[in-house]
Amino acid sequence: MNNSIYGTTDPDYEQDGFQISQERCEGFSHCVNICPVEALTLVEGYVNEILNIRALYVQLDTCIMCGVCEPECPTEAIMLRLSGGSPGTTPGTNPGSDGGGTGGNSSGSFSAIAPVSTINLEDRLNCFNNVVDNINTTYKVTLNAHRIDLNSDKPGHAYLTIEKSNGNQLQRLSYGFYPKSGAASATMQPTPSAMGEESSDEYRRSDARYSLYVTKTQFNLIISQSIALSKVPYDLNENNCTHYATDVFNLLLPSNGQLNNNGFLTPDGVYTYLANLKQEGNPNIQLGRIVPPTSTICN
């Protein structure tokens, strides 16, 4: 098949930024099982001129280069490389990231787009002070993962939704981290960042959600951290939407249960991680595509 990698007499085969060491591959299937778009299979093939052993086959017109498979390989047989990058560059910056790539294109054209609706996050979060704190007040924080849509040129995204309600008053905001203007690519230097309001984007969805009801102290900590991290430059490799959302949400989790964004730098990676937690019985995670809850007007 065209644009695919399978067993080959060349022990280190590379095509379109996807490199496999067939000598290292031992057919554990971890990468096959975790791939969110089912682009990986194990097939019969030639490895070092030996037939009928399991070889890794990658369908590159399906692969979204999300990078989830690379850290799953126990023998380090998989390596992804961005266009213009060097071998060993893990693309936490790919089509599944906050603007990584276009559709299902795996050619290495990775970029991030500016938000549809830019907000002054600090001013907007100050609106939550308008909701009176009393014994009935609840505080809720949700981490959202929007997977890339292979039928669209729109990227995936990771973002947060926070809510505060006392029964009579409600404030809600869905917000995420973006480059300020134009587009940022994986090979560009860090660029000024901006915060976007998510429910005003008609394309925005949530495919997986991790929701927690928290204390007033925790909620205020989330607000403080959200503001502080929003002032950091946007970097598709080192500080993208997934870094931002998970770094903030991790404040609510114990040290042994934190979301390790070094292992999944894309919204598709977050989705896969949350889906696995759901399968393990975490009751705070919901799967299924929905539109984000509408952000309230500041009053």
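Residues numbered from 1 in each chain as written. Predicted model: local features only at pLDDT ≥ 70, side-chain atom pairs only at ≥ 80, totals over all residues. Heavy atoms only, no water.

Colleague: An account of unusual backbone geometry is requested, with residue identities and associated values reported.
Modeller: Despite not being glycine, E76 has its phi angle at roughly 55 degrees, a positive value. Among the structural elements, E76 can be located in the loop between α2 (69-72) and β6 (78-80). You can call E76 exposed: its relative accessible area is 59%. (Helix = DSSP H or I, 4+ residues; strand = E, 2+ residues; numbered from the N terminus. Buried < 20%, exposed > 50% of the residue type's maximum accessible area, 1.4 Å probe, protein only.)

Colleague: Help me get a handle on the state of the cysteines, residues and values and all.
Modeller: This model, assessed by the stated rule, comprises one disulfide. Here C127 is linked by a disulfide to C298, with a sulfur-sulfur distance of 1.7 Å. A torsion of -100 degrees about the S-S bond marks the disulfide between C127 and C298 as left-handed. On the criterion of sequence distance, the pair formed by C127 in the loop between α3 (121-126) and β9 (138-146) and C298 in the segment after β15 (285-290) is long-range, its members being 171 residues apart. (Disulfide = S-S within 2.5 Å.)

Colleague: Got a sec to walk through the packing of aromatic side chains? Specific residues and values, please.
Modeller: Taken as a whole and judged by the stated rule, the model has five aromatic pairs. Judged by centre distance (5.2 Å) and plane angle (5 degrees), the rings of F177 and Y244 are stacked. Residue F177 is found in strand β11 (residues 170-179), and its partner Y244 is found in helix α5 (residues 241-249); the two are separated by 67 residues along the sequence. Overall, F177 belongs to the buried group, its relative accessible area being 0%. Pairwise contacts between aromatic rings join F128, Y139 and F219 into one cluster. Above the ring of Y271, the side-chain terminus of R147 is found at 4.3 Å from the ring centroid. (Phe/Tyr/Trp six-rings, centres within 6.5 Å; stacked < 30°, edge-to-face > 60°. Lys NZ or Arg CZ within 6 Å of the ring centre and 35° of its normal.)

Colleague: Quick one: what's the story with the pattern of salt bridges, residue by residue and with numbers?
Modeller: A full pass over the atoms with the stated rule returns eight salt bridges. With its nearest N and O atoms 3.1 Å apart, the salt bridge here joins R172 to E163. Residue R172 shares its accessibility class with E163, and that shared class is buried. With a closest N to O distance of 2.9 Å, R204 and E198 form a salt bridge. Counted as one network, the salt bridges with shared partners bring together D133, K164 and K216. (Salt bridge = Lys/Arg side-chain N within 4 Å of Asp/Glu carboxyl O.)

Colleague: Outline the pairing of β11, listing residues and values.
Modeller: Judged by how many residues are buried, β11 sits mostly within the fold: nine of 10 residues are covered. With six bridges connecting them, strand β10 (residues 157-165) and β11 associate as antiparallel partners. Along β11, the bridge assignment pairs L160 with Y175. Joining the antiparallel neighbours β10 and β11 is a turn of four residues, in which G167 adopts a positive phi near 95 degrees. Bridge count for β11 against strand β13 (residues 193-197) is five bridges, and the pairing is antiparallel. Note on β13: the bridge partner recorded for F177 is M195. (Pairing = 2+ DSSP bridges.)

Any functional reading would require information beyond the geometric quantities listed.
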